[in-house]
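Descriptive analysis of the structure
Listed below, chain by chain, are the residues.
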Amino acid sequence: MAKMNLLQAINNALITAMTEDEKVMVFGEDVGHFGGVFRATSHLQEKFGKARCFNTPLTEQGIIGFANGLASQGSVPVAEIQFGDYIFPAFDQIVNETAKWRYRSGGQFDVGTLTIRTPYGGGIAGGHYHSQSPEAFFAHCPGLKIVIPRDPYQAKGLLLASIRDKNPVLFMEPKRLYRASVSDVPEEDYELPLGKADIVQEGNDITLLGWGAQIEILQKAAEMALEDGVSCEILDLRSILPWDVETVMQSVMKTGRLLVNHEAPLTGGFASEIAATIQERCFLYLEAPIARVCGLDTPYPLAHEKEYMPDETKTYEAIKRTLHY
């Protein structure tokens, strides 16, 4: 075991993957000698050379178009989009090419070896162009997998699994956790399953569901609720697409209540999909309406970031409302 923060765990996963498979290559804006804007790709160019870790022009559509071509010809590209907010110029390439390549060829060729890494989310005073959470845009598109880690241990295992998965994966990294804390991470190679939720904490009265940096928020809210005698079960979805319906169902059938928390705006957020599915499957088990604690329906505000965030206080209040329904 080694102590790593989220950035170091991601860097370690990339080194592990590039060492194990010479077809793995990393590219994006400033990822080479500079090591990326957050330093997630530090020293990769030194270790593996400019042919396997290199800078691209500042064109997100070009980065993913290039990555699609590489993946279709047998390479294992790990393409970085510098901020999740900048992924939209590449939206057409991702949803119309990456996600559909296997389907439109009848399985004759695909880009399943492609992994797209991008930091997302707020909490760093980055304003409205460096703080967005765009996961729901891509969750609407069959053919992709969407994976979001919550800590360094999860980050390494999930990233290695994503790189080796035979489907294109959008790997979204909660940037406010990059240097927030350290945890024990195995130095050896390991993978964590994609599409499988993780039970972070068991409880009996209400299920709290989230992903990424919001898991810490749920844990703080659960501690506040525990002082009122409320036992919270906490689930980390980990994979947005596909998402683990069965594990969420089993938890809700036990607790009778569900609260979903995400940083993206409320309207059209992925919590809506979860709520619709769970009320359809678990209607007779529910003791209260499914609660959603999400970001506000507004562009991400710099001056009012704290007001925007679905923090532990908002979550705790929603837990009380749900329990007292």
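Located above this text is the structure these notes cover.
The model shown is predicted, which means the values in this text are computed figures rather than measured ones. (Residues numbered from 1 in each chain as written. Predicted model: local features only at pLDDT ≥ 70, side-chain atom pairs only at ≥ 80, totals over all residues. Heavy atoms only, no water.)

For the rest of this paragraph, the subject is the overall build of the protein. Along its length, the protein carries 12 helices and 14 strands. Against the globule reference of 20 Å for 325 residues, the protein gives a C-alpha radius of gyration of 20 Å, in line with a compact fold. C-alpha extents for the protein along the principal axes are approximately 60 × 45 × 40 Å. A total of 325 residues make up the protein; the buried ones form 58% of that total. (Helix = DSSP H or I, 4+ residues; strand = E, 2+ residues; numbered from the N terminus. Rg over C-alpha atoms; globule rule 2.2 N^0.38 Å. Buried < 20%, exposed > 50% of the residue type's maximum accessible area, 1.4 Å probe, protein only.)

For the structure shown, the criterion picks out 12 aromatic pairs. Ring geometry for W243 versus F270: centroids 6.2 Å apart, planes at 90 degrees, classification edge-to-face. Taken together, the residues span a long stretch of sequence, with W243 in the loop between β12 (239-241) and α9 (245-255) and F270 in helix α10 (residues 270-282) at a distance of 27 residues. A single burial state applies to W243 and to F270, both of which are buried. Directly above the aromatic system of F34 lies the positively charged group of R39, at a separation of 3.9 Å from the ring centroid. In this arrangement the basic side chain of R104 is found over the ring face of W101, its NZ or CZ atom lying 5.2 Å from the centre. (Phe/Tyr/Trp six-rings, centres within 6.5 Å; stacked < 30°, edge-to-face > 60°. Lys NZ or Arg CZ within 6 Å of the ring centre and 35° of its normal.)

The next subject is helix α8 (residues 214-226). Look at α8: 18 Å from first C-alpha to last across 13 residues, which is about the 18 Å you get at 1.5 Å a residue. All of the buried residues along α8 are Q214, I215, I217, L218, A221, A222 and A225. Taken end-on, α8 shows its buried residues confined to a sector of 150 degrees, consistent with a single buried face. Exposed positions of α8 whose direction lies more than 90 degrees from the buried face are E223 and L226. Those residues of α8 that are buried are in contact with β9 (198-201), β10 (206-210), β11 (232-236), β13 (258-265) and α12 (312-323). (Expected span 1.5 Å × (residues − 1). Arc of directions from axis to C-beta. Contact = heavy atoms within 4.5 Å.)

Right, let's get into the nonpolar core. One finds I94, W211, L237, I274 and I278 to be the most contacted residues of the largest nonpolar core, which totals 51 residues. Of the residues forming this core, the biggest block, 6 residues, is contributed by α10. Counting 37 residues, the second-largest nonpolar core is a separate cluster that includes C53, V76, Y178 and V185. (Core = buried A, V, L, I, M, F, W, Y, C linked by side-chain atoms within 4.5 Å.)

On to α9, then. Along α9, the residues classified as buried are V245, T247, V248, M249, S251, V252 and T255. Summarising the contacts, the buried residues of α9 are in contact with β9, β10, β11, β13 and α10. Once α9 ends, the next one or two residues include G256, with phi positive near 80 degrees.

With that settled, the discussion passes to the sheet that holds strand β6 (residues 145-147). Strand order in this open sheet of 7 strands is β3-β2-β4-β5-β7-β6-β12, and the pairing throughout is mixed. Looking at the sheet topology across the chains shown, the edges are occupied by β3 (53-55) and β12. Direction aside, neighbouring strands of the sheet carry axes that sit 20 degrees apart on average. When β6 meets β12, the two strands line up antiparallel, connected through 2 bridges. (Pairing = 2+ DSSP bridges. Axes fitted to C-alpha atoms, helices over the stretch in contact; angles between N-to-C directions.)

The next subject is the sheet that holds β11. Reading across the sheet, the 5 strands line up as β9-β11-β10-β13-β14 and stay open at both edges, with mixed pairing between neighbours. Looking at which strands have only one partner, the edges of the open sheet turn out to be β9 and β14 (291-295). Taking each pair of neighbouring strands and ignoring which way they run, the sheet shows an average axis angle of 25 degrees. Of the strand pairs in this sheet, β10 and β11 are connected by 5 bridges, and their pairing is parallel.

Counting buried residues in strand β4 (residues 76-80) gives 5 out of 5 residues, a clear majority hidden from the surface. Going residue by residue along β4, you find V76, V78 and E80 tucked away on one face and P77 and A79 tucked away on the opposite face as well. Strand direction decides the pairing type here: strand β2 (residues 24-28) and β4, joined by 5 bridges, are parallel. Bridging from a neighbouring strand, F27 pairs with A79 of β4. Two strands pair when backbone bridges link them, and β4 and strand β5 (residues 115-120) are joined in this way by 3 bridges, in the parallel orientation. Its bridge partner lying in β5, E80 is registered against R117.

A word on the environment of T255. With respect to the element layout, T255 can be found in helix α9. Of the residues examined, T255 reaches a relative accessible area of 5% and is grouped as buried. Sequence spacing of T255 and I146 is 109 residues, and the spatial spacing of their C-alpha atoms is 27 Å. Setting aside residues up to four positions removed in sequence, T255 forms contacts with G203, N204, D205, I206, T207 and E233. Within polar-contact distance, the side chain of T255 engages the side chain of T207 at 2.9 Å. (Polar contact = N/O pair within 3.5 Å; in protein donor to acceptor, adjacent residues only side chain to side chain.)

What is shown is where atoms sit, not what they do.
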